[in-house]
Amino acid sequence: MKIIYKIIILILIVIAINQILYYSQTSYSWGSERFHQKRIFVEKNADHFNTFFIGSSKTGQNIIPELFDTEVKAQSGDNLNSFNFGSGSIVAPESYYLYENLLENEDLNIKYVFFELSSISTVSEKVIHTNKGKYWYTPSYYTFSLKSLLTSQYKLKNKLAGIKNHTICFAEQIFNIQFVHDLVAYNKMNDRKLPDFPLLGYTAPLQSEIPERLAGAIKLQNKFFEDTTILTKSAKISLQQNFDTDEVKKYNTEHFEKITKIIELSEKHGVKIFFVLHPGIGKRYRQVLPLFKKIDPKYRIELSDAKKYPEFYIAKNSFDGKHLNNKGAKIFTKLLAEKFIELNKAD
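No experiment lies behind these values; they were computed from the predicted model shown.

## A closer look at the overall build of the protein chain
When you go through the protein chain residue by residue, the secondary structure sums to 14 helices and 5 strands. In summary, the protein chain has a C-alpha radius of gyration of 21 Å against a globular reference of 20 Å for 347 residues, a match within 12%. Dimensions of the protein chain, computed from the C-alpha atoms along their principal axes, are close to 70 × 50 × 45 Å. Relative to all contacts within the protein chain whose residues are 6 or more apart in sequence, the contacts with residues 24 or more apart total 82%. Looking at the protein chain, you have 47 positive and 37 negative side-chain charges, and the mean spots of the two groups are 7 Å apart.

See below:
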């Protein structure tokens with residue numbers, strides 16, 4: 001029995017040393033390169049920005065900050081200076097982790113946040129064993145991930161796969177697996193010149209100045225125009241949803257509790273947060289729409305219904321069937337500004 005206690009104590013000591021080393025050498029955003037770069041940029045211009053858009057590449061490609069500010073100014077007279085934090089694959093719980101740290105650890109004058117509502121990630125196979133897949137785990141976020149998966153509407157096999165993947169990532173974070181390798185990559189990232197973000201964080205793939213990225217974006221869009229089935233299916237799924245009532249029979253209670261805490265934390269810091277439902281969610285409506293309906297209407301903005309917003313499901317406004325192109329993003333941004341002004345007047 002004494003041997004077991006000694007082994008447990010040894011493991012705890014190893015974990016403690018690993019965590020001290022981990023947090024002394026890294027920052028909270030170090031595992032998401034694009035978000036990290038955007039955070040550093042905003043930090044250097046902290047006195048300028050007061051409004052942020054947070055979420056995945058949908059947020060990054062669907063919202064144009066400069067246009068949003070112009071529309072709000074023209075329609076309400078409010079002076080906003082916004083920045084788009086949208087970055088690839090940033091969904092819950094990672095998005096909550098980053099936002100909480102942005103509030104608690106940055107000296108920013110934030111008035112408004114537009115937060116992309118997403119389902120709980122089951123962790124894709126491509127990010128397991130990568131820093132992107134594990135950097136945000138804390139004991140509390142690991143526990144939240146498991147609880148929210150168990151109370152989700154995922155099928156049992158997806159729940160079990162998600163629990164397995166989250167556990168692998170959490171264990172690798174706790175024991176600093178591949179830490180040296182990840183730290184070297186992180187330091188190289190910090191040594192590179194910081195982007196100047198002329199579009200204020202908005203991602204416009206077809207305007208990229210990097211030849212390889214531009215070529216990849218053109219190839220991706222051409223492939224989409226050859227077969228737009230993905231967009232047709234997305235519109236069909238959206239049309240099958242009931243957006244007309246807030247009645248909900250079943251929803252993810254753990255996830256909703258987290259959303260409630262996020263709202264409370266925002267208000268504690270003097271921030272008004274709006275949860276945004278983007279178009280093209282597809283099968284994830286089953287997870288996300290009940291949550292959206294449970295959120296107090298004054299904290300939510302819906303721009304996903306294909307009946308009300310068919311323009312988001314037209315090929316000429318789409319980049320790849322999942323994200324909007326520049327034309328679609330302009331329409332989305334103007335509607336988002338209108339919705340925001342309506343909510344602010346009603347508040």
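## Thoughts on the nonpolar core
In summary, soluble globular proteins display a tendency toward joint burial of nonpolar side chains. Ranked by internal contacts, the top residues of the largest apolar core, which has 89 residues, are Phe52, Tyr96, Phe114, Leu117, Phe275 and Leu336. Per-element accounting of this core gives the leading share, 7 residues, to helix H14 (residues 326-346). Ignoring sequence-local partners within four residues, the contact set of phenylalanine 275 consists of Tyr96, Phe115, Leu117, Ile259, Ile262, Ile263, Phe292, Ile295, Tyr299, Arg300 and Ile301. In this structure, Ile64, Tyr202, Ala204 and Ala329 belong to the second largest nonpolar core, which totals 5 residues.

## Digging into the pairing of strand S3 (residues 112-116)
With respect to burial, S3 is a largely interior element, 5 of its 5 residues being buried. What you see with S3 is no split at all: Tyr112, Phe114 and Glu116 on one side and Val113 and Phe115 on the other are buried throughout. As paired strands, strand S1 (residues 51-54) and S3 are joined by 4 bridges and run parallel to one another. Bridge pairing in S3 places phenylalanine 53 opposite phenylalanine 114.

## Quick word on the pairing of S1
On S1, burial covers both faces: Thr51 and Phe53 on one face and Phe52 and Ile54 on the other are all buried. Alignment of S1 against strand S2 (residues 82-84), held across 3 bridges, turns out to be parallel. Looking at S2, one finds that threonine 51 is bridged to serine 82.

## Some points on unusual backbone geometry
Cis peptide bonds are those with omega within 30 degrees of zero, and the linkage from alanine 92 to proline 93 qualifies with 5 degrees. On the secondary structure map, proline 93 appears in the loop between S2 and helix H5 (94-105). Phi at phenylalanine 197 takes a positive value of approximately 45 degrees, unusual for a residue other than glycine. Its identity as a non-glycine residue notwithstanding, leucine 200 has a phi of 55 degrees, on the positive side. Mapping leucine 200 onto the fold places it in the loop between helix H9 (179-191) and helix H10 (211-226).

## Let's talk about the sheet that holds strand S5 (residues 300-302)
If you trace the 5 strands from one edge of the open sheet to the other, you get S2-S1-S3-S4-S5, paired in parallel fashion. Edge positions in the open sheet fall to S2 and S5, since each of these has one partner strand only. Each neighbouring strand pair of the sheet contributes to a mean axis angle of 20 degrees, computed without reference to strand direction. Of the strands in this sheet, S1, S2 and S3 touch helix H4 (residues 65-76), which is tilted by about 150 degrees from S2.

## A closer look at a nonpolar patch on the surface
Taken together, the side chains of Ile4, Tyr5, Ile8, Ile9, Leu12, Ile13 and Ile17 present a nonpolar region at the surface, about 700 Å² in accessible area. Mapped onto the elements, isoleucine 9 comes out in helix H1 (residues 2-25).

## Thoughts on the pattern of salt bridges
Two side chains carrying opposite charge are able to pair once their charged atoms lie near each other. Throughout the structure, instances matching the rule amount to 10 salt bridges. For arginine 39, the salt bridge goes to glutamate 43, with nearest N and O atoms at 3.2 Å. Residue arginine 39 and its partner glutamate 43 are located together in helix H2 (residues 33-44), separated by 4 residues, close to a single helical turn. The residue glutamate 257 makes a salt bridge to lysine 261 at a minimum N-O spacing of 3.4 Å. One end of the pair, glutamate 257, and the other, lysine 261, are both in helix H12 (residues 253-268), 4 residues apart, so they sit about a helical turn from each other. According to the relative accessible area criterion, glutamate 257 is partly exposed, its value standing at 39%.

Rules of the game
- Residues numbered from 1 in each chain as written.
- Predicted model: local features only at pLDDT ≥ 70, side-chain atom pairs only at ≥ 80, totals over all residues.
- Heavy atoms only, no water.
- Helix = DSSP H or I, 4+ residues; strand = E, 2+ residues; numbered from the N terminus.
- Rg over C-alpha atoms; globule rule 2.2 N^0.38 Å.
- Contact = heavy atoms within 4.5 Å.
- Lys, Arg positive; Asp, Glu negative; His and termini not counted.
- Charge placed at Lys NZ, Arg CZ, Asp CG, Glu CD.
- Core = buried A, V, L, I, M, F, W, Y, C linked by side-chain atoms within 4.5 Å.
- Buried < 20%, exposed > 50% of the residue type's maximum accessible area, 1.4 Å probe, protein only.
- Pairing = 2+ DSSP bridges.
- Axes fitted to C-alpha atoms, helices over the stretch in contact; angles between N-to-C directions.
- Patch = residues over 30% accessible without salt bridge, like charges linked within 9 Å, V, L, I, M, F, W, Y side chains within 5 Å.
- Areas by Shrake-Rupley, 256 points an atom, 1.4 Å probe, with all protein chains shown as cover.
- Salt bridge = Lys/Arg side-chain N within 4 Å of Asp/Glu carboxyl O.

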